[in-house]
Structure formats: C-alpha cells, structure tokens
Amino acid sequence: EADIYQTPRYLVIGTGKKITLECSQTMGHDKMYWYQQDPGMELHLIHYSYGVNSTEKGDLSSESTVSRIRTEHFPLTLESARPSHTSQYLCASSVGQGVEAFFGQGTRLTVV
Amino acid sequence: AQSVAQPEDQVNVAEGNPLTVKCTYSVSGNPYLFWYVQYPNRGLQFLLKYITGDNLVKGSYGFEAEFNKSQTSFHLKKPSALVSDSALYFCAVRPGGYQKVTFGTGTKLQVIP
C-alpha cells in the first residue's frame, strides 16, 4: 500500500457548508494532484501542485481551491458545497517523470 | 495536446480465457505509458509502465502490456483471466519532458466464472 492518505473516506454534508478534504503523503513526493471522478467513470484533473507554494488549476473547472504549504499536505476546500459537487475525489502524488503516481483511497462526498 | 483512448467501455471474458484491454494514445515525442486498476470504492493502483526499452512490459498480478509505436497502442493483456481481475482499468500517458498525466476514460473488465 502506498503512503498517501485521504480523510474522510465518506462525507455527507448539507448545501452551503464549507468543507476541507485532507490529503497527506509521507513519501516526500514533490508533485500532488486532485482528481474528480463520478462513479465508475473517467478521472478529471482539477488541481495539481509541483511543490510547496505551487498550485495550478487542472483540466476540469472546479469551484474548489487548494493549498500547498507543506510538501506532505495538499488539502482541497469547498467554500460552499452544492449538490453538483457530489462525487468521488482522489488525491495522488508522484516524483520524477517516468515514475507512476500513487493514489489515496478517495473521499466520496455527498452534498444534500 | 496529448490524449488517450480506451475504445471499449466494458470487456467481458470467461474465467481462464486470455484478456485484452485496449489503449491508444496521441502524444508528441516519446511517451511514458501507464496502466492502473481500480477496485470498487478504492483509489487507483499501479499495474505497470513503459518508459523505454523492451516493448513487452510485465507488471503486477500477471498482467503485461505491449507498446507498439507504429500503432500508438499500449494494450493490456493477461494470459488467463481470474474473477478477481474484475475491476475498472485506466490507461494513462505522460509525454516525455512534461509533468501532467492524461488518463483514458476507463474500461470495466468483467470476468465471468
């Protein structure tokens, strides 16, 4: 198992609430990513970071924001959750170019 | 721009039969190619990768993939399918010199007992 952790695994929250999805890795990887995935479907890159204080938006527009203050930590925040944010969120990290990414277990978010 | 195509949404195969999950890519330069597997309610797990060298790459759980540069393909194969292989499979590509990985749309593999 890879040393990358996401919490919570499952979250049900009401509309309008602010939430933060946590992602931490203990491998010292410089690159980290957030993907959004609807059930059984393709992954969409929503945010990535190549190092501390570096964050970029991904291919899919997202109302979420991220921060990278420490190498090991890459939290994703939704200021005001909506039902359209219901999805699975996967965090990943990697190092180098020819090296595979390691994925967390995912957070399944349901906004009611 | 780079892209990955997995033309089959689902592949059904009988247990014990060989399986193939198809992947084609479009990228400038030499690609780094990856296969991942996803079980229900889990993240993606790395299976194998092609960086350079031998076109036939062997990976975890008896899977292998063949890199074909002329056909720009990287099909995933296994000689004898197991029911436990049933999962969602993703092909991914990263152009050499670039950081971002592009994933395919995924193929659901169903192995029938």
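In case you missed it, the structure is sitting above this.
Residues numbered from 1 in each chain as written. Chains lettered and ligands numbered in written order. Predicted model: local features only at pLDDT ≥ 70, side-chain atom pairs only at ≥ 80, totals over all residues. Heavy atoms only, no water.

## Examining the state of the cysteines
What we call a disulfide is simply a covalent bond connecting the sulfur atoms of a pair of cysteines.
Here's step 1: Taken as a whole and assessed by the stated rule, the structure comprises 2 disulfides over all chains.
Here's step 2: Disulfide pairing places Cys 23 of chain A opposite Cys 91 of chain A at an S-S distance of 1.9 Å. Judged by the torsion about the S-S bond (-75°), the Cys 23 of chain A/Cys 91 of chain A disulfide is left-handed. In this pair, Cys 23 of chain A is assigned in strand β3 (residues 19-25) and Cys 91 of chain A in strand β9 (residues 87-94), connecting sequence segments 68 residues apart. No difference in accessibility class separates Cys 23 of chain A from Cys 91 of chain A, as the two residues are buried.
Here's step 3: The partner cysteine of Cys 23 of chain B in its disulfide is Cys 91 of chain B, sulfur to sulfur 2.0 Å. Of note, the bridge from Cys 23 of chain B to Cys 91 of chain B carries an S-S torsion of about -65° and is left-handed in sense. Taken as a pair, Cys 23 of chain B in the loop between β3 (19-21) and β4 (24-26) and Cys 91 of chain B in strand β10 (residues 87-95) lie far apart in primary sequence, 68 residues in all. Cys 91 of chain B carries the same exposure label as Cys 23 of chain B, and that label is buried. (Disulfide = S-S within 2.5 Å. Helix = DSSP H or I, 4+ residues; strand = E, 2+ residues; numbered from the N terminus. Buried < 20%, exposed > 50% of the residue type's maximum accessible area, 1.4 Å probe, protein only.)

## What about the side chain of His 73 of chain A?
All names here are of chain A.
Here's step 1: Tracing the backbone through its elements, the reader meets His 73 in the loop between β7 (65-66) and β8 (76-78).
Here's step 2: Look at His 73 and you get buried, because its relative accessible area is 18%.
Here's step 3: Beyond its immediate sequence surroundings of up to four residues, His 73 is in contact with Glu 22, Cys 23, Ser 24, Ser 67 and Arg 68. (Contact = heavy atoms within 4.5 Å.)

## Notes on the packing of aromatic side chains
Here's step 1: Applying the stated criterion across every chain yields a total of 13 aromatic pairs over all chains.
Here's step 2: Centroid distance Phe 63 of chain B to Tyr 89 of chain B: 5.6 Å. Interplanar angle 50°. Geometry classified as tilted. Taken together, the residues span a long stretch of sequence, with Phe 63 of chain B in the loop between β7 (56-58) and β8 (64-68) and Tyr 89 of chain B in strand β10 at a distance of 26 residues. Both residues of the pair, Phe 63 of chain B and Tyr 89 of chain B, belong to the buried class.
Here's step 3: A cation sits over an aromatic face here: Arg 68 of chain A above Phe 74 of chain A, 5.9 Å from the ring centre. (Phe/Tyr/Trp six-rings, centres within 6.5 Å; stacked < 30°, edge-to-face > 60°. Lys NZ or Arg CZ within 6 Å of the ring centre and 35° of its normal.)

## A word on the pattern of salt bridges
Here's step 1: All told, the structure shown has 8 salt bridges over all chains when counted by the stated rule.
Here's step 2: For Lys 18 of chain A, the salt bridge identified is with Glu 79 of chain A, shortest N-O distance 3.9 Å. Of this pair, Lys 18 of chain A sits in the loop between β2 (10-13) and β3 while Glu 79 of chain A sits in the loop between β8 and β9, and the two are 61 residues apart along the sequence.
Here's step 3: Overall, Lys 18 of chain A belongs to the exposed group, its relative accessible area being 54%.
Here's step 4: Across the salt bridge formed by Lys 77 of chain B and Glu 66 of chain B, the nearest N and O atoms sit 3.8 Å from each other. Of this pair, Lys 77 of chain B sits in strand β9 (residues 73-78) while Glu 66 of chain B sits in strand β8, and the two are 11 residues apart along the sequence. (Salt bridge = Lys/Arg side-chain N within 4 Å of Asp/Glu carboxyl O.)

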